[in-house]
Every structure is written in structure tokens, then in C-alpha cells.
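# Residue-level structure breakdown
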Amino acid sequence: MSPAPGGASDVVVVGGGAAGLSLAYRLVETGAATVTVVEQPDGPGRPAERTWCYWDEDVGDLAEAVEASWPLLRVHGPHGDALTVDPAPSRYRMVRSTAFERLVHARLARSPGGSLLRATVDTVRDVPGGAEVRCTAPGGRTLTLRARRVFDSRPLPALPPARTRLLQHFRGWFVRTDTGRFDPAIADLMDFRVPQPRHGLAFGYVLPLAPDRALVEYTEFSRAPLTTAAYEAALGHYTREVLGLGAFRVESAEQGVIPMTDARFPRRTGNAVFRIGTAGGAT
Ligand SMILES: Cc1cc2nc3c(=O)[nH]c(=O)nc-3n(C[C@H](O)[C@H](O)[C@H](O)COP(=O)(O)OP(=O)(O)OC[C@H]3O[C@@H](n4cnc5c(N)ncnc54)[C@H](O)[C@@H]3O)c2cc1C
């Protein structure tokens, strides 16, 4: 596909997170389209670094962003019974969002059809022949981009109506123990030995990075997030009483809320405007 007239990109991707960067990366790699990703400048409005885990058969060209992987997956029942499975040919992998951003930003920079613009998108609308994206660059300058197609991953101000509106909400500690407590071959995907909330369910999650280092999370599927103090108490109980980690240090923490809903998200909001990622209902 050749660049759009006037030097504009064929595609503008609004938001350079998991969905936007994945789409932009695939488009420039295949040469299917010229792409501009518009991502907010660094600052308090941007999401903090997060840890993305997923399973897949092949790490492919994302190898340099993969921080860890586990050949075995385990689930613990509420009474301690454990089931370990080998998901081969798939493998569970961890990517840190900053490593993924670095990788995709570098590939966009060296691809003739790719570019990254640091600006805050204010509006997206259909115009004849495509769509228009208005944004504000650092310093307050306003910019208008045009493209044949726009893929928008900005978070929605509110979720569409739904029958089920649960949240997957969690907090995790990156811990370092005094002695080797973890088996780096096994990821504990769900550990139901934690006390259960009155509504919904809860589980622990352990991703070992070394015999003495792991990401340990407390997760709930329920209607509302907890306070940080409540997550900390749940993590304290899980690490000390359930995992018996002994002495350890918390080196850093992460926290998140992911909507788990059967809402129907409009995927197309104009002739040339599409929603992707969480905003398009992909979670
Ligand atoms: C701590 C944490 C851990 C997680 N772990 C996992 C996991 O293990 N596995 C998994 O599958 N999912 C995980 N998730 C969920 C995952 O992060 C989301 O599902 C995923 O990031 C959604 O991708 P997205 O592109 O829709 O949104 P995001 O990745 O949030 O990207 C949206 C982007 O849009 C940008 N943006 C927003 N507004 C504007 C604007 N006006 N102008 C320009 N840019 C804008 C934001 O800065 C952001 O970069 C986790 C989430 C958190 C918070």
C-alpha cells in the first residue's frame, strides 16, 4: 500500500499500549500500510510499567522483550491439592511493557513506513476519504493528522451496558527471599488457598524469576477494587501464611483493574474509525 496523499500515513493508531503497538508493529513489518502511532507524552497520565503474561507456541520476533518463561503451569485447589500441566507446544511468557515499548518504538523508527508521535489525542472523526485526528503536542501546539483508517485504543469514559460487570483486580509484589523458595520451571497460575471474598473469587499467582525472586499477586474477580491497604493485607497473608516465604523484601509493586464483562463494545465508530484493545472489547 502506498502512503496516503499529502505525506499522511495510511493508518493512524491512537494510543501506543499493548493493542496499538501490536497492530502498528504488524502493519509496518508486513509493509501493508504506513503507520503513525500517537502516544501521550511521558507524565502522570500514562499507564505505569506493567507485566504482561500470555501463552503462545512461538516467541517469534518478540524474543528480546521476553523477560521470563515457564514450561509448566500449576493450579492449587482450596485445600492444597495441586494440578501441574505441561502446556506444550505452548509456553507461558512474561513481557514487561517498557521492554515491549522499546522494541516496537525502535522498529517503528527504523521502518520507512512507521513513525511515533508523542501527543495527546483530543478528537477523532470521519472526514471525506478517511479520518482526522486532532491532538496536542507537548508545549501546547495543536496538530491535525489525516489517514485512510484510524484505530483508536483510548480508554472509554464508561463501559457499555452489560449483564455481567466484573472486574479482575489485583496487586502484585516483586519479592526477593533470603533463601531459594521458588521453582523457576513452574508458574502458579491460580492458587485458591487464599480466603475467598463474600462475592466473587480470589486467587494467588506466583511467577518465579529466580529461586529467590518472584512476582506474587493477589487477584480478585469481583464487583469493585480493594483499597491498597486491603491488597497489602491479602498479599501479606498469602506470602507468609500460604506460601511460607520466610524473610523477604518487596522490591516493587504493580496493580491493575481489567474489566471482565459481556458488554458489546462497538468496534467501528465511523466509516474509517475503529476501536481496538480494551476500548474495542478485546479483554
Ligand atoms: C499491572 C497490570 C498487569 C497486567 N497483566 C496482564 C497480563 O499478564 N496479561 C494480559 O493479557 N493482560 C494484562 N494486563 C492487562 C493489559 O495491560 C491490558 O489488557 C492491555 O494493556 C490493554 O491494551 P490496550 O492497548 O487496550 O490499552 P493500553 O495498553 O492501556 O494502551 C492504551 C494507550 O493509550 C494511550 N492513551 C490514552 N489516552 C490517550 C490520548 N488521549 N492520546 C494518546 N494516547 C493515549 C495510553 O497512554 C496507553 O499507552 C495487565 C494490566 C495491568 C495494569
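Parameters at a glance
Residues numbered from 1 in each chain as written. Predicted model: local features only at pLDDT ≥ 70, side-chain atom pairs only at ≥ 80, totals over all residues. Heavy atoms only, no water. Near = heavy atom within 4 Å. Polar contact = N/O pair within 3.5 Å; in protein donor to acceptor, adjacent residues only side chain to side chain. Areas by Shrake-Rupley, 256 points an atom, 1.4 Å probe, with all protein chains shown as cover. Helix = DSSP H or I, 4+ residues; strand = E, 2+ residues; numbered from the N terminus. Nonpolar A, V, L, I, M, F, W, Y, C, P; charged D, E, K, R; others polar. pLDDT = per-residue confidence, 0-100. Contact = heavy atoms within 4.5 Å. Expected span 1.5 Å × (residues − 1). Buried < 20%, exposed > 50% of the residue type's maximum accessible area, 1.4 Å probe, protein only. Phe/Tyr/Trp six-rings, centres within 6.5 Å; stacked < 30°, edge-to-face > 60°. Patch = residues over 30% accessible without salt bridge, like charges linked within 9 Å, V, L, I, M, F, W, Y side chains within 5 Å. Salt bridge = Lys/Arg side-chain N within 4 Å of Asp/Glu carboxyl O. Pairing = 2+ DSSP bridges. Axes fitted to C-alpha atoms, helices over the stretch in contact; angles between N-to-C directions.

### Topic: the site of the ligand
What surrounds the ligand is a group of 27 residues, the closest being Ala19, Glu39, Trp52, Cys53 and Thr278. Between the ligand and Thr51, the relevant distance is 2.8 Å, taken from a nitrogen atom to a main-chain nitrogen or oxygen of the residue. Across the complex, the protein chains shield 81% of the 980 Å² of accessible surface that the ligand would expose by itself. Elements supplying a minimum of two residues to the shell around the ligand: α1 (18–30), β2 (35–39), β3 (51–56), β9 (120–127) and β17 (248–261). Top contributing element to the shell around the ligand by residue count: β17, with 4 residues. In terms of residue class, the shell around the ligand is built from 11 nonpolar, 12 polar and 4 charged.

### Brief notes about the confidence of the model for the protein
Summary statistics for the protein give a mean pLDDT of 94 and a share of 98% for residues scoring 70 or more. This model gives residues 1–6 a pLDDT under 50, and the stretch forms 15 contacts once residues within four places in sequence are excluded.

### Structural notes on α1
The end-to-end C-alpha distance of α1 is 18 Å, a good match for the 18 Å that 13 residues give at a rise of 1.5 Å each. Burial in α1 covers these residues: Gly20, Leu21, Ala24, Tyr25, Leu27 and Val28. Looking at the buried positions of α1, the neighbouring elements they touch are β1 (11–14), β2, α2 (97–110) and β8 (114–118). Directly beyond the C-terminal end of α1, a positive phi value near 70° is found at Gly31.

### Some points on the packing of aromatic side chains
Aromatic ring pairs are described here by two measures, namely the spacing of the ring centres and the angle between the planes. The final tally for this structure, using the stated rule, is 7 aromatic pairs. Seen in terms of ring centroids, Phe151 and Phe274 are 5.3 Å apart; in terms of plane orientation they differ by 25°. Their pairing is stacked. Here Phe274 lies in strand β18 (residues 273–275) and Phe151 lies in strand β12 (residues 149–152), a separation of 123 residues in the sequence. Neither residue differs from the other here; Phe151 and Phe274 are each classed as buried.

### Focus: a nonpolar patch on the surface
Among the surface-exposed residues, Val75, Leu83, Val85 and Met190 lie close enough to one another that they form a single nonpolar patch of about 290 Å² accessible area. Considering the arrangement of structural elements, one finds Val85 in strand β6 (residues 82–85). Classification of Val85 as partly exposed rests on a relative accessible area of 38%.

### Description of the pattern of salt bridges
For side chains bearing opposite charge, pairing can occur when the charged atoms are close. Under the defined criterion, the tally for this structure stands at 20 salt bridges. One salt bridge in this structure joins Asp61 and Arg26, with 3.4 Å as the shortest N-O distance. With Asp61 in the loop between β3 and β4 (66–70) and Arg26 in helix α1, this pair connects stretches of sequence that are 35 residues apart. Glu132 is paired through a salt bridge with Arg125; the nearest N and O atoms lie 3.1 Å apart. Residue classification places Arg125 among the partly exposed positions, given a relative accessible area of 44%. Look at the salt bridges and you will find they share partners, linking Glu39, Asp42, Arg46, Glu101 and Arg118 into a network.

### Quick look at the sheet that holds β3
In any sheet, the strands associate via hydrogen bonds between backbone groups, in a parallel or an antiparallel arrangement. What the 3 strands build is an open sheet, ordered β3-β7-β4; its pairing is antiparallel. The strands lining the two open edges of the sheet, one partner per strand, are β3 and β4. On average, each strand axis in the sheet is tilted by 25° relative to the strand beside it, whichever way the strands run. Looking at chain direction, β4 and strand β7 (residues 91–96) are connected through 4 bridges and run antiparallel. Among the inter-strand pairings, Val66 is bridged to a residue of β7, identified as Val95. Packing against the sheet, α2 makes contact with β3 and β7, and its axis sits at approximately 75° to β7.

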